[in-house]
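Residue-level listing of the chains:
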Amino acid sequence: MADFIRKVGEKENRKLRAQRRHIQTVWMGFGMMGLVGWAVAVPALLGTSLGVLLDKRYPGIHSWTLTLLIVGLSIGCLNAWYWIDKEGKKIQAELEEKDD
């Protein structure tokens, strides 16, 4: 019986913590979306700008603009993945810490 009461108490505590963190989580989610958007957009725009400049100065068969746009998007996606993974690990560590 004591084990059952302990488990119910733990579940109640988790629900109360989740309710308190809900507002923080929503705003944190919006902030993360902004971070991810900028993390992808900035390298893509920089790559495109450099590509346009190179295409004007050194025209050739292949498009520098398209090539550097793809490189910028790739770097931006890797950058966003890094930040999301970092935040996910931080959230997981907080959850594990609170459960102990």
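Above this text you will find the structure in question.
With that settled, consider the pattern of salt bridges. Taken as a whole and judged by the stated rule, the model has one salt bridge. With a shortest N-O distance of 3.3 Å, Asp-85 and Lys-89 are connected by a salt bridge. On the criterion of helical spacing, the pair formed by Asp-85 and Lys-89 is a turn pair, its members being four residues apart in helix α2 (residues 64-99).

Glancing now at the packing of aromatic side chains. Counting across every chain of the model gives one aromatic pair. Ring geometry for Tyr-82 against Trp-83: centres 5.5 Å apart, planes inclined by 75°, an arrangement best described as edge-to-face. Note on Trp-83: relative accessible area 28%, which makes it partly exposed.

What follows concerns the side chain of Thr-65. In this fold, Thr-65 is placed in helix α2. Each residue touching Thr-65, except ones within four places of it in the same chain, is listed here: Thr-48, Gly-51, Val-52 and Asp-55.

Reading guide: rules and limits
Residues numbered from 1 in each chain as written. Predicted model: local features only at pLDDT ≥ 70, side-chain atom pairs only at ≥ 80, totals over all residues. Heavy atoms only, no water. Salt bridge = Lys/Arg side-chain N within 4 Å of Asp/Glu carboxyl O. Helix = DSSP H or I, 4+ residues; strand = E, 2+ residues; numbered from the N terminus. Phe/Tyr/Trp six-rings, centres within 6.5 Å; stacked < 30°, edge-to-face > 60°. Buried < 20%, exposed > 50% of the residue type's maximum accessible area, 1.4 Å probe, protein only. Contact = heavy atoms within 4.5 Å.

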